[in-house]
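One-letter residues, chain by chain:
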Amino acid sequence: MRSLIIAIDGPVGSGKSTLARRVAALMGYVYIDTGAMYRAVALKALRRGFPLDAADRLTALAGDTRIDLRAGDGTQRVFLDGEDVTAAIRTPDVAQGASKVAVVPGVRHVLVAEQRRAGAEGGVVMEGRDIGSVVFPDADLKIFLTASPEIRAQRRWREHQQKGDSIDLPRTLQEIHERDQRDSGRASSPLVRAEDAVMVDSTAMEPEEVARLVVMLARNQSPASAAR
Ligand code: DC
């Protein structure tokens, strides 16, 4: 079967990463987490003390940054200018920072170009907010994954707890609301469901069920629908 481009978009905590990673493993595809790229730019900006609304400086910074996503032991490792920042980009501060730098059109322009290069050959599962709408509007399969805000907050809070972060559940829910508003309300490539995306609500589904559903949808893609 030819290699597909599978786009997975959705709000924070909807289960995109777990789903994208699992679908990539089941299909033998490459997994690309585009949120990690926005997080890496935010981390660099925070370390340099840049204001996160300084559009020109952030755009120049993004253009002058090398981000490598490398597959390893079932996960993806993230390198920022050669430094392994896989853990450093997962803090609440960097998460909030990422949704701020993601508002800047110039930053998006730089990162979207890299994402298109990375997925051009197909055989990828790419997750983010604008993959089906902007990065790959012709993706073979588009999934828009959602879950209730309460479930999303619980999932995110459990992740924070596992890492030893002290953030509590109400604060996590608040953080999710803030990021939802920023991600959906921004002028440049807001989080929207592409018209032809399949909407999947994972509130009452086990991760493995969702993954198998998406693999089934992928396998049903007609090989003749587009030659790549
Ligand atoms: O998926 P995540 O939580 O790691 O993403 C971090 C932030 O990056 C998120 O608040 C929105 C932004 N983002 C984006 O604007 N576009 C993408 N394709 C991926 C992430």
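Cut-offs used in this document
- Residues numbered from 1 in each chain as written.
- Predicted model: local features only at pLDDT ≥ 70, side-chain atom pairs only at ≥ 80, totals over all residues.
- Heavy atoms only, no water.
- Axes fitted to C-alpha atoms, helices over the stretch in contact; angles between N-to-C directions.
- Helix = DSSP H or I, 4+ residues; strand = E, 2+ residues; numbered from the N terminus.
- Parallel < 35°, antiparallel > 145°, perpendicular 65-115°, else oblique.
- Left-handed = near helix turned anticlockwise from the far one by under 90°.
- Contact = heavy atoms within 4.5 Å.
- Nonpolar A, V, L, I, M, F, W, Y, C, P; charged D, E, K, R; others polar.
- Salt bridge = Lys/Arg side-chain N within 4 Å of Asp/Glu carboxyl O.
- Buried < 20%, exposed > 50% of the residue type's maximum accessible area, 1.4 Å probe, protein only.
- Near = heavy atom within 4 Å.
- Polar contact = N/O pair within 3.5 Å; in protein donor to acceptor, adjacent residues only side chain to side chain.
- Areas by Shrake-Rupley, 256 points an atom, 1.4 Å probe, with all protein chains shown as cover.
- 1 Å grid on protein atoms, 1.4 Å probe; cavity = no way out; pocket = protein on both sides within 12 Å on 5 of 7 lines; lining within 4 Å.
- Points joined across faces, edges and corners; volume = space filled by probe spheres on them.

1. Focus on the packing of helix α3 (residues 55–63) against helix α5 (residues 105–119)
And step 1. Contact geometry for α3 and α5: axes closest at 8 Å, N-to-C directions at 15°. Between α3 and α5, the angle falls in the class roughly parallel. α3 and α5 meet at a crossing whose hand is right-handed. When α3 is examined against α5, the residues L58, T59, A62 and G63 are found in contact with a partner set consisting of G106, V107 and V110.
And step 2. Among the residues making up the contact of α3 with α5, the classes are represented as four nonpolar, three polar and no charged.

2. A short note on the pattern of salt bridges
Close approach of charged atoms lets side chains of opposite charge pair.
And step 1. Considering all chains together, one arrives at 16 salt bridges under this definition.
And step 2. A salt bridge links D84 to R77, with the nearest nitrogen and oxygen atoms 2.8 Å apart.
And step 3. You can call R77 partly exposed: its relative accessible area is 34%.
And step 4. A salt bridge links E208 to R212; the shortest N-O distance between them is 3.0 Å. A residue pair is termed a helical-turn pair when its members lie 3 or 4 positions apart in one helix, as E208 and R212 do in helix α9 (residues 207–219) at four residues.
And step 5. In this structure, a network of salt bridges that share partners links the residues R22, E208 and R212.

3. Comments concerning the site of the ligand
And step 1. Taken together, the neighbourhood of the ligand is formed by 15 residues, with R39, R108, R129, D130 and R186 sitting nearest.
And step 2. Between a nitrogen atom of the ligand and a side-chain N or O atom of T34, the distance comes to 3.0 Å.
And step 3. R39 places a side-chain nitrogen or oxygen 2.6 Å from an oxygen atom of the ligand.
And step 4. Starting from 450 Å² of accessible surface for the ligand in isolation, the protein chains cover 98%.
And step 5. When residues of the shell around the ligand are traced back to their parent elements, those giving at least two are α2 (35–47), α4 (92–101) and α8 (169–185).
And step 6. Broken down by element, the shell around the ligand gets its largest block of residues, three residues, from α2.

4. Things to note about the layout of surface pockets
And step 1. Its boundaries defined by the atoms lining it, the second largest pocket holds a volume of some 370 Å³.
And step 2. Sorting the residues of the lining of the second largest pocket by element identifies α1 (16–27), β2 (30–33), β3 (67–72), β4 (75–80) and α5 as the ones contributing at least two each.
And step 3. For the lining of the second largest pocket, a count of residues per class yields eleven nonpolar, four polar and five charged.

5. Thoughts on the side chain of R129
And step 1. The topology assignment puts R129 in the loop between β6 (124–128) and α6 (131–135).
And step 2. By relative accessible area, which is 15% here, R129 ends up buried.
And step 3. Here D183 takes part through its side chain, which lies 3.4 Å from a polar atom of the side chain of R129.
And step 4. Residues in contact with R129, not counting those within four places in the same chain, are D9, G10, P11, V12, K16, R179, D183, R186, P190, L191 and V192.

6. With respect to the packing of α2 against α4
And step 1. Contact geometry of α2 with α4 gives a least axis separation of 8 Å together with a crossing angle of 105°. One way to sum up the angle between α2 and α4 is to call them roughly perpendicular. Between α2 and α4, the contacting residues are Y38, R39, V41, A42, L43 and L46 on the first element and D93, V94, A95, G97, A98 and V101 on the second.
And step 2. The class makeup of the residues in the contact of α2 with α4 is nine nonpolar, one polar and two charged.

Geometric descriptors of this kind do not, in isolation, establish any biological role.
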